[in-house]
Amino acid sequence: MTLQQLLNPTTPPRRYVITGGPSAGKDAVFTELQEMGVPATVGEPAREIYRAHRDRLGRHLQVGDRQAYSRDVLAAFVREFCDHTAGLHFYNRGIPDGYGWDAFFGLRPYPELEEATRIYRYDAVFILDALDDFDSEDDLVWAKEREIRRVHELIIQGYYDAGYKPIFVPADDAARRISFILAQLPVPAV
Amino acid sequence: MIPSERTSESAADTLAGEVRLVVRNGLPVRPDQVGPRLLSLAAVRARALDAGDRGSRARALEAVLRAELDRLDNAELAAAARLLFGVVEATSGAKLTARRQAAATAAGYEVHHFRKRIEPKICGLVAGQLLRAGEDAEAALPAAPVLHAAARPLVLPADVFAWEAAEHQSAVAALWGAAYLLRAELVNVARLVSMDAPPGEVDGAADVALWRHAQVLAATAAYRACYGAVLLHAAGDLSPDQIGSSAGWTPALTPAQELLLGGLGGPDDGFASFTARLAASGGGRDLAARWRQALTGRRSRPDQEEHDG
């Protein structure tokens, strides 16, 4: 199957999530996808929403602020899901990432997240394994070695809880990871 | 064999036995049909939405199991293992005999040989991998951060999870930092008392300890406001107050006194500013005098009380 066949824009929508913890190499993969002309999320909407929340509050998010942030991110994910109506699209994180976010803060999943997870289903989920330098000696700074590993695990768990069977993408350079991902995709039905 | 090796081997054997039970019962993992060691693995507890709920831990175990089977170290047996556990479509929901037959065929073994020799090996491999995943999860649990020299600056990815993780680490570090500074002063006071140091010196050290205690209370309150009453990602229900308490014994304070001190313990306020603001606040002088007395076992010097009063 050629890339052109995969990219055929006249097919029904095919939605694929690429996710993983911080330091998993997601940005490099999305940059490469965009350079290849593969339709994919530009930037990460959650970042801008997060910055907006912090700016509005004038401080770090507190317990009471987190679910409001989470709901705004969910709304953005749902919009992005619905905006795509034909052909292939790769999403930079997906709706079930919300489970990982909530679990990170010890929050229980809220009804809107569970409903959205049930209604808006992606065709497949790719989880980028942490890059090799995740554990390198230079990175033995606790923000990386503890919390970020935990975030990665919680994101994976969120997708399992949402009923997905994620495909793990081994640590490699971005181009090889994309080849791996594209090789897993079925021939699109026209 | 040294005792720790024997214990570790026995733990792995027990776990492998419980993994065999999972193979026998098939997936999904049912809470009432799974062994206690599997459910108490750190990797499972860390992933469970409610670590106190057996059903939640059973769901987390299944997810951990699927993830570890997807990345099983032994390439030769990986496909057979996935067929045996029924995590792939070909054997999902099938009975044990069908799963075993498919796995034996995939691995190129006669089915009886597979059952007797290869299946236990697969269960041992999976058990070992689950244990290693558990060790990773244990490493993820917060404790007083162990610091290492680094050869380059820490550069976080532009990612909200990373930002939040860093904020959390920052709050935890502030808390531990305050606790260690308090510890240093408590030890200092104990040394001065033991040496029968002059009262002024002992009381001065007790005052510094009170300032450090106020900083612990402020860091604890800041943590609570951001993350709640339980430390995130701790193995049990560890509260931020427990980090402060680990500095050592401190005199009991009323909730009102703790509130007062916490308000004066901002990280940017120096000792002189703290002392002045405490003295100016209602009950502040009495609090300081009682603190000195309780911590040092001595009554405050008359000139100090006169100075305070």
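Refer to the structure presented above.
Residues numbered from 1 in each chain as written. Chains lettered and ligands numbered in written order. Predicted model: local features only at pLDDT ≥ 70, side-chain atom pairs only at ≥ 80, totals over all residues. Heavy atoms only, no water.

**Student:** How would you sum up the overall build of chain A? Please name residues and give values.
**Tutor:** Within chain A, the secondary structure is distributed over eight helices and four strands. Listing every helix and strand of chain A by position from the N terminus yields α-β-α-α-α-β-α-α-β-α-β-α. When each of the 190 residues of chain A is scored for burial, the buried share is 56%. Considering only residue pairs separated by 6 or more positions, chain A has 75% of its internal contacts joining residues 24 or more positions apart. Surface summary for chain A: the accessible area is close to 8000 Å², and the carbon and sulfur share equals 52%. (Helix = DSSP H or I, 4+ residues; strand = E, 2+ residues; numbered from the N terminus. Buried < 20%, exposed > 50% of the residue type's maximum accessible area, 1.4 Å probe, protein only. Contact = heavy atoms within 4.5 Å. Areas by Shrake-Rupley, 256 points an atom, 1.4 Å probe, with all protein chains shown as cover.)

**Student:** Account for unusual backbone geometry, naming residues and giving values.
**Tutor:** In the segment running from B:Leu27 into B:Pro28, the intervening peptide bond is cis, with an omega of 5 degrees. Along the polypeptide, B:Pro28 turns up in the loop between helix H1 (3-25) and helix H2 (36-39). Residue A:Arg93 is not a glycine yet carries a positive backbone phi of 75 degrees. Within the secondary structure layout, A:Arg93 lies in the loop between strand E2 (88-92) and helix H5 (97-104). Even without being a glycine, B:Asp196 presents a positive backbone phi close to 55 degrees. On the secondary structure map, B:Asp196 appears in the loop between helix H8 (160-194) and helix H9 (199-227).

**Student:** Summarise the pairing of strand E3 (residues 124-128) of chain A; cite the residues concerned and give the values.
**Tutor:** All names here are of chain A. Counting buried positions along E3 gives five out of five residues, so the element sits mostly inside the fold. Two strands pair when backbone bridges link them, and strand E1 (residues 14-19) and E3 are joined in this way by four bridges, in the parallel orientation. Residue pairing in the sheet places Val17 in a bridge with Val125 of E3. Of the pairings in the sheet, the one linking E3 to strand E4 (residues 167-169) comprises three bridges and is parallel in character. (Pairing = 2+ DSSP bridges.)

**Student:** If you had to explain the pattern of salt bridges to someone new, which residues and values would you point to?
**Tutor:** Here the structure, examined in full by the defined rule, presents 20 salt bridges over all chains. By sharing partners, the salt bridges in this structure join A:Lys26, A:Asp27, A:Glu44, A:Arg47, A:Arg93, A:Asp97 and B:Asp159 into a single network. (Salt bridge = Lys/Arg side-chain N within 4 Å of Asp/Glu carboxyl O.)

**Student:** I'd like a rundown of the interface of chain B and chain A, residues and numbers included.
**Tutor:** Every contact between the two is made by 49 residues of chain B and, on the other side, 51 residues of chain A. B:Asp159 is the salt-bridge partner of A:Arg93, the closest N and O atoms lying 2.5 Å from each other. Elements with a minimum of two residues in the side of chain B that touches chain A: helix H3 (42-47), helix H4 (54-70), helix H7 (111-139), H8 and H9 of chain B. Element by element, the count of residues in the side of chain B that touches chain A is highest for H8(B), at ten residues. Among the residues forming the side of chain B that touches chain A, the class breakdown is 32 nonpolar, five polar and twelve charged. (Nonpolar A, V, L, I, M, F, W, Y, C, P; charged D, E, K, R; others polar.)

**Student:** Would you mind going over helix H13 (residues 284-296) of chain B in detail, with residue names and values included?
**Tutor:** Residue and element names in this part refer to chain B. In this model, H13 (13 residues) spans 18 Å end to end at C-alpha, consistent with the 18 Å of a helix rising 1.5 Å per residue. Three or more residues of H13 are buried, namely Gly284, Leu287, Ala288, Ala289, Trp291, Arg292, Leu295 and Thr296. Remark: Gly297 follows H13 within two positions and exhibits a positive phi of approximately 75 degrees. (Expected span 1.5 Å × (residues − 1).)

**Student:** Just give me the short version of the environment of B:Asp70, but keep the residues and values in it.
**Tutor:** Among the secondary structure elements, B:Asp70 is positioned in helix H4. Note: C-alpha distance between B:Asp70 and B:Val87 (17 residues apart in sequence) is 9.0 Å. Apart from residues no more than four positions distant in its own chain, B:Asp70 is found in contact with A:Tyr160, A:Lys165, A:Pro166, A:Phe168 and B:Arg82.

**Student:** Report on the sheet that holds E4(A), specifying residues and quantitative values.
**Tutor:** Residues and elements named next belong to chain A. Spatial ordering of the open sheet is given by E2-E1-E3-E4, a layout of four strands whose pairing is parallel. The open sheet terminates on both sides in strands that have one partner only, identified here as E2 and E4. If you compare each strand with its neighbour and ignore which way they point, the axes differ by 25 degrees on average. In the sheet, E1 pairs with E2 via five bridges, with the strands oriented parallel. Across the sheet, residue Tyr16 finds its bridge partner in E2, namely Phe90. (Axes fitted to C-alpha atoms, helices over the stretch in contact; angles between N-to-C directions.)

**Student:** How would you summarise the nonpolar core if you had to cite specific residues and measurements?
**Tutor:** Counting residues in hydrophobic clusters, the biggest one holds 80 residues, and the most contacted among them are A:Tyr69, A:Ile95, B:Val160, B:Leu210, B:Tyr223, B:Leu261 and B:Phe274. Per element, the largest residue contribution to this core is 15 residues, and it comes from H8(B). Dropping the residues within four chain positions of it, B:Val160 is found in contact with A:Glu44, A:Ala46, A:Arg47, A:Tyr50, A:Tyr69 and A:Trp101. Counting 40 residues, the second largest nonpolar core, distinct from the first, contains B:Val29, B:Ala43, B:Leu65 and B:Ala104. (Core = buried A, V, L, I, M, F, W, Y, C linked by side-chain atoms within 4.5 Å.)

**Student:** Requested: an account of the environment of B:Ser194, with residues and values cited.
**Tutor:** All names here are of chain B. Within the secondary structure layout, Ser194 lies in helix H8. Judged by relative accessible area, Ser194 falls into the exposed class, the value being 65%. It is 9.7 Å that separates the C-alpha atoms of Ser194 and Thr296, two residues lying 102 residues apart in sequence.

**Student:** So, the packing of aromatic side chains: which residues are in play, and what are the values?
**Tutor:** Following the criterion strictly, the structure yields 18 aromatic pairs over all chains and no others. Their ring planes at 40 degrees and their centres at 5.7 Å tell us that A:Tyr16 and A:Phe90 sit as a pair that is tilted. Of this pair, A:Tyr16 sits in strand E1 while A:Phe90 sits in strand E2, and the two are 74 residues apart along the sequence. Judged by its relative accessible area of 0%, A:Phe90 falls in the buried class. Each ring, one from B:Trp176 and one from B:Tyr180, has its centre 6.0 Å from the other, and the planes form 35 degrees; the classification is tilted. (Phe/Tyr/Trp six-rings, centres within 6.5 Å; stacked < 30°, edge-to-face > 60°.)

**Student:** Now, about the packing of H9(B) against helix H11 (residues 255-264) of chain B: what can you tell me, with residues and values included?
**Tutor:** All names here are of chain B. For the pair H9 and H11, interaxial distance at closest approach is 7 Å and the crossing angle is 90 degrees. Judged by the inter-axis angle, H9 sits roughly perpendicular to H11. Contacts from Leu210, His213, Ala214, Leu217 and Ala218 in H9 reach Glu258, Leu261 and Gly262 in H11. Residues belonging to the contact of H9 with H11 are distributed by class as follows: five nonpolar, two polar and one charged. (Parallel < 35°, antiparallel > 145°, perpendicular 65-115°, else oblique.)

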